[in-house]
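# Survey of secondary and tertiary structure
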Amino acid sequence: EDKVVQSPLSLVVHEGDTVTLNCSYEVTNFRSLLWYKQEKKAPTFLFMLTSSGIEKKSGRLSSILDKKELSSILNITATQTGDSAIYLCAFCSGGSNYKLTFGKGTLLTVNP
Amino acid sequence: GAGVSQTPSNKVTEKGKYVELRCDPISGHTALYWYRQSLGQGPEFLIYFQGTGAADDSGLPNDRFFAVRPEGSVSTLKIQRTERGDSAVYLCASSLIGQGADGYTFGSGTRLTVV
């Protein structure tokens, strides 16, 4: 059965720290891996990683896909209190580019 | 509209009752998705609409759950004979047809509590 595991489940840091969130997956016929930030209820898209795009960066956030290790990391540098949220990892597999299988998420709390 | 709108934002119902949850997608988005997020879990796929038809309903957990999108815009998720285990946040997303999951825009969800 396809699955995705995120670690840690929760993390508390101070403003200015750098954090690394982990996502490992077991999936037949991998297509893409996506990261979302969820504040309150609506997840917002951060990155999509595929075989042809294994590293993405936007401001203080970056993500890498390791297809050999079947994993991905999300890095956040110089964290701010506004980064506090649940970070969700998800994949698409097979013939579907729309159907997401999510992990449980990592709850990040950034204290001032 | 500017975003995906879901109503109501919160719904409390008694076990055994029928509920309807509404999703109003972004104007022009012909693809619409429903997900369910239980406490402490990631969202789980329920159903995908292309226009008016359900292209993939493989995630609906049982026949108490049904969704419609009669005019290819607003969608309603219907749950019959609700159970306490149905308590969750129900998320709707929309996208342009042919876009992948990176094109999703999620709504803020409906928190359903079955007591």
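Here goes a summary of the coordinates provided. (Residues numbered from 1 in each chain as written. Chains lettered and ligands numbered in written order. Predicted model: local features only at pLDDT ≥ 70, side-chain atom pairs only at ≥ 80, totals over all residues. Heavy atoms only, no water.)

## Things to note about the sheet that holds strand β1 (residues 3–7) of chain A
Residues and elements named next belong to chain A. Taken together, five strands build an open sheet; the order of strands is β1-β3-β8-β7-β6 and the sheet is antiparallel. Looking along the sheet, the strands with just one partner apiece sit at the ends: β1 and β6 (55–58). Taken pair by pair, the neighbouring strands of this sheet meet at an average axis angle of 15 degrees, ignoring direction. Note that strand β3 (residues 19–26) and strand β8 (residues 71–76) share six bridges and pair antiparallel. Bridging from a neighbouring strand, Cys23 pairs with Ser72 of β8. (Pairing = 2+ DSSP bridges. Helix = DSSP H or I, 4+ residues; strand = E, 2+ residues; numbered from the N terminus. Axes fitted to C-alpha atoms, helices over the stretch in contact; angles between N-to-C directions.)

## Let's talk about the packing of aromatic side chains
All names here are of chain A. Applying the stated criterion across every chain yields a total of 14 aromatic pairs over all chains. With centroids separated by 5.7 Å and ring planes inclined at 50 degrees, the aromatic side chains of Tyr36 and Phe102 adopt a geometry described as tilted. Highlighted residues: Tyr36 in strand β4 (residues 30–38) and Phe102 in strand β10 (residues 101–102), separated in sequence by 66 residues. Residue Phe102 is classed as buried on the basis of its relative accessible area of 10%. (Phe/Tyr/Trp six-rings, centres within 6.5 Å; stacked < 30°, edge-to-face > 60°. Buried < 20%, exposed > 50% of the residue type's maximum accessible area, 1.4 Å probe, protein only.)

## A short note on the pattern of salt bridges
Enumeration according to the criterion identifies six salt bridges over all chains in this entry. A salt bridge links Lys37 of chain A to Glu39 of chain A; the nearest nitrogen and oxygen atoms lie 3.9 Å apart. Among the salt bridges present, the one from Arg64 of chain B reaches Glu83 of chain B, with a minimum N-O distance of 3.5 Å. With Arg64 of chain B in the loop between β6 (53–56) and β7 (65–68) and Glu83 of chain B in the loop between β8 (75–79) and β9 (88–95), this pair connects stretches of sequence that are 19 residues apart. Note on Glu83 of chain B: relative accessible area 40%, which makes it partly exposed. When salt bridges that share partners are traced, they join Arg64, Glu83 and Asp86 of chain B into one network. (Salt bridge = Lys/Arg side-chain N within 4 Å of Asp/Glu carboxyl O.)

## As for the side chain of Lys37 of chain A
Residue and element names in this part refer to chain A. Mapping Lys37 onto the fold places it in strand β4. For Lys37, a relative accessible area of 14% corresponds to the buried category. A polar contact of 2.9 Å, which involves the side chain of Lys37, links it to the backbone oxygen of Gly82. (Polar contact = N/O pair within 3.5 Å; in protein donor to acceptor, adjacent residues only side chain to side chain.)

## Brief notes about the side chain of Asp86 of chain B
Residues and elements named next belong to chain B. In this fold, Asp86 is placed in the loop between β8 and β9. For Asp86, a relative accessible area of 3% puts it in the buried group. In this structure the side chain of Asp86 is engaged in a polar contact, spanning 2.8 Å, whose partner is the backbone nitrogen of Glu83. Once residues within four sequence positions are removed from consideration, Asp86 is found in contact with Arg36, Arg64, Phe65, Ile79, Leu112 and Val114. (Contact = heavy atoms within 4.5 Å.)

## Let's talk about the pairing of strand β5 (residues 43–49) of chain A
With six bridges joining them, β4 of chain A and β5 of chain A adopt antiparallel strand pairing. Looking across to β5 of chain A, one finds that Lys37 of chain A is bridged to Thr44 of chain A.

## Looking at the interface of chain A and chain B
Of the residues lining the interface, 17 residues belong to chain A; the matching set on chain B comes to 26 residues. On the chain A side of the contact with chain B, Lys41, Tyr98 and Lys104 of chain A bury the most area, a combined 39% of that side's loss. Viewed at the interface, chain B and chain A are joined by one salt bridge. Across the pair Lys99 of chain A and Asp56 of chain B runs a salt bridge, and its minimum N-O distance is 3.8 Å. Those elements giving two or more residues to the side of chain A that touches chain B turn out to be β4, β5 and β9 (85–93) of chain A. When the residues that make up the side of chain A that touches chain B are grouped by side-chain class, the tally is eleven nonpolar, three polar and three charged. (Buried area = accessible area lost by both parts, 1.4 Å probe. Nonpolar A, V, L, I, M, F, W, Y, C, P; charged D, E, K, R; others polar.)

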